[in-house]
Amino acid sequence: MQMTELAKAVIAGDRRALARAITRVESARADHRLEAVELVANARAAGRQALRIGLSGTPGVGKSTFIEAFGMMLVAQGLRVAVLAVDPSSARSGGSILGDKTRMERLSREPAAFIRPSPSQAQMGGVARRSREAAALCEAAGFDVVLVETVGVGQSETVVAEICDLFILLLAPAGGDELQGVKRGIMEMADMILVNKADGDLKPAAMRTRADYAGALHLLRRRAQDPEGFPKAVCVSAVENDGLAEAWADMQALADWRRAHGHWDSRRAHQARHWFGEEVRRGLLAVLDREPAKGSMAALGARVEAGELSPEAAAVQMLGLLGRA
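Residues numbered from 1 in each chain as written. Predicted model: local features only at pLDDT ≥ 70, side-chain atom pairs only at ≥ 80, totals over all residues. Heavy atoms only, no water.

Considering the overall build of the protein
Along its length, the protein carries 13 helices and seven strands. A separation of at least 24 residues holds for 76% of the contacts in the protein among residues at least 6 apart in sequence. Summed over all atoms, the accessible surface of the protein reaches about 16,300 Å², with 55% contributed by carbon and sulfur. (Helix = DSSP H or I, 4+ residues; strand = E, 2+ residues; numbered from the N terminus. Contact = heavy atoms within 4.5 Å. Areas by Shrake-Rupley, 256 points an atom, 1.4 Å probe, with all protein chains shown as cover.)

Quick look at the packing of helix α12 (residues 293–305) against helix α13 (residues 311–324)
The description of two packed helices rests on the angle between their axes and on the distance between the axes. Direction vectors running N to C along α12 and α13 enclose 165°, while the axes themselves pass 10 Å from each other. Taken as axis vectors, α12 and α13 run roughly antiparallel relative to one another. Crossing angle aside, the handedness with which α12 passes α13 is right-handed. Residues Ala293, Ser296, Met297, Leu300, Arg303 and Val304 of α12 form the contact with α13, whose own contacting residues are Pro311, Ala314, Gln317, Met318, Leu321 and Leu322. Broken down by class, the residue content of the contact of α12 with α13 amounts to nine nonpolar, two polar and one charged. (Axes fitted to C-alpha atoms, helices over the stretch in contact; angles between N-to-C directions. Parallel < 35°, antiparallel > 145°, perpendicular 65-115°, else oblique. Left-handed = near helix turned anticlockwise from the far one by under 90°. Nonpolar A, V, L, I, M, F, W, Y, C, P; charged D, E, K, R; others polar.)

Thoughts on helix α4 (residues 63–76)
In a regular helix each residue adds 1.5 Å, so 14 residues correspond to 20 Å; α4 covers 20 Å between its end C-alpha atoms and thus fits that length. With 12 of 14 residues buried, α4 is to be regarded as a mostly interior element. Listed in full, the buried residues belonging to α4 are Lys63, Ser64, Phe66, Ile67, Glu68, Ala69, Phe70, Gly71, Met72, Met73, Leu74 and Val75. Looking at the residues trailing α4, positive phi occurs at Gly78, about 90°. (Expected span 1.5 Å × (residues − 1). Buried < 20%, exposed > 50% of the residue type's maximum accessible area, 1.4 Å probe, protein only.)

Some details on helix α9 (residues 203–217)
The first and last C-alpha atoms of α9 sit 21 Å apart over 15 residues, in line with the 21 Å expected at 1.5 Å per residue. Along α9, the residues classified as buried are Ala205, Ala206, Thr209, Tyr213, Ala214, Ala216 and Leu217. Where α9 is buried, its residues contact β5 (166–171), α8 (186–189), β6 (192–195) and β7 (232–235).

A closer look at the packing of aromatic side chains
Applying the stated criterion across every chain, the model contains three aromatic pairs. When the centroid spacing of 5.8 Å and the interplanar angle of 75° are considered together, the rings of Phe70 and Trp248 count as edge-to-face. Of this pair, Phe70 sits in helix α4 while Trp248 sits in helix α10 (residues 244–260), placing them 178 residues apart in sequence. A relative accessible area of 1% means that Phe70 is categorised as buried. The residue whose ring lies beneath Lys232 is Phe230, and the NZ or CZ to ring-centre distance is 4.9 Å. (Phe/Tyr/Trp six-rings, centres within 6.5 Å; stacked < 30°, edge-to-face > 60°. Lys NZ or Arg CZ within 6 Å of the ring centre and 35° of its normal.)

Digging into the pairing of β6
Residues Met192 and Leu194 point to one face of β6 and Ile193 and Val195 to the other, with burial holding for every one of them. In the sheet, β5 pairs with β6 via four bridges, with the strands oriented parallel. Each residue of the ladder has a partner; that of Ile168, found in β6, is Met192. The parallel pair β6 and β7, bridged by α9, forms a crossover whose chirality is right-handed. (Pairing = 2+ DSSP bridges. Right-handed = clockwise from strand over helix to strand, strands pointing away.)

Quick notes on the packing of helix α1 (residues 3–11) against helix α2 (residues 15–26)
Here α1 crosses α2 at 130°, and the two axes come no closer than 8 Å. Compared by their axis directions, α1 and α2 come out oblique. By crossing handedness, the relation of α1 to α2 is classed as left-handed. Facing Met3, Leu6, Ala9 and Val10 of α1, the residues of α2 in contact are Ala17, Leu18, Arg20, Ala21 and Arg24. Here the residues of the contact of α1 with α2 sort into seven nonpolar, no polar and two charged.

A word on the nonpolar core
The tendency in soluble globular proteins is for nonpolar side chains to be buried side by side. Counting residues in each nonpolar core, the largest one holds 45 residues, and the members touching the most others are Leu18, Leu137, Cys138 and Ile193. Here the element with the most residues in this core is helix α7 (residues 131–140); it accounts for six residues. With near-sequence residues (within four places) excluded, Leu18 lies in contact with Val10, Phe114, Leu137, Cys138, Ala141 and Phe143. (Core = buried A, V, L, I, M, F, W, Y, C linked by side-chain atoms within 4.5 Å.)

Structure, rendered in structure tokens:
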């Protein structure tokens with residue numbers, strides 16, 4: 001199928017076409033990369049936008065359970081929901097389980113929902129390399145909300161904030177004191193903090209954790225893109241569906257405020273520039289995997305391993321060769 005035809009099928013809401021399109025943008029083949037650029041450009045011509053929500057949190061915090069309960073609530077309101085779940089890839093074998101879809105059994109059966117697990121493929125920051133393009137395709141397919149679930153690695157997982165309109169951090173009760181809240185990195189990127197599992201015996205601990213983080217958020221410097229009261233910390237229970245409607249209302253209020261005050265468009269423009277820089281950096285790194293740079297790297301690496309050159313001196317030589325190329 002030609003990329004123009006595939007883009008038209010995606011825009012028409014064909015779920016199989018959307019799955020094929022995401023597979024194409026995730027491919028690492030050089031010819032597929034050129035086709036993917038054309039495909040995404042044609043899809044973006046539809047001019048559609050969805051609310052992109054990034055969800056991060058440590059393993060075991062209940063991200064998949066929350067996404068299923070949250071997604072079911074949105075579908076019940078007549079919204080179409082796409083879920084891009086990123087699964088960690090093995091550093092040894094390169095494989096991924098891609099089991100997030102099986103955790104969302106009810107949501108996966110909903111006609112108005114689309115769930116796509118993707119391998120991280122050693123990409124740092126908790127997202128897959130082409131998650132942004134996959135989100136753009138889901139927007140073109142007419143989904144109202146796109147949820148991007150990160151792998152859940154912790155403080156360094158901030159790349160998703162450069163993909164989404166809202167960045168939500170899920171925490172477990174008794175996950176640490178308020179000192180965690182003033183750590184730079186993932187905490188200062190969050191637009192909302194949701195303390196999950198606020199039910200049963202864990203509810204008192206969840207209330208204390210929410211209070212700790214709410215206090216810590218006040219210590220962070222005020223951001224221009226936040227209205228009064230944001231970022232905020234709230235308690236939710238994905239098991240009991242408690243607090244989900246309130247959290248969704250807060251997300252909508254924040255998104256509407258940013259649209260009205262120009263922060264929505266400026267954020268997306270900044271993200272586009274960020275990913276332009278990333279694409280250039282990735283392209284430069286790809287040069288190292290091709291000749292003659294690949295052979296030079298191997299030769300200098302052998303000299304470093306033999307103790308003839310220090311890593312720093314070899315790096316200077318390699319960069320000099322690249323500069324003359």
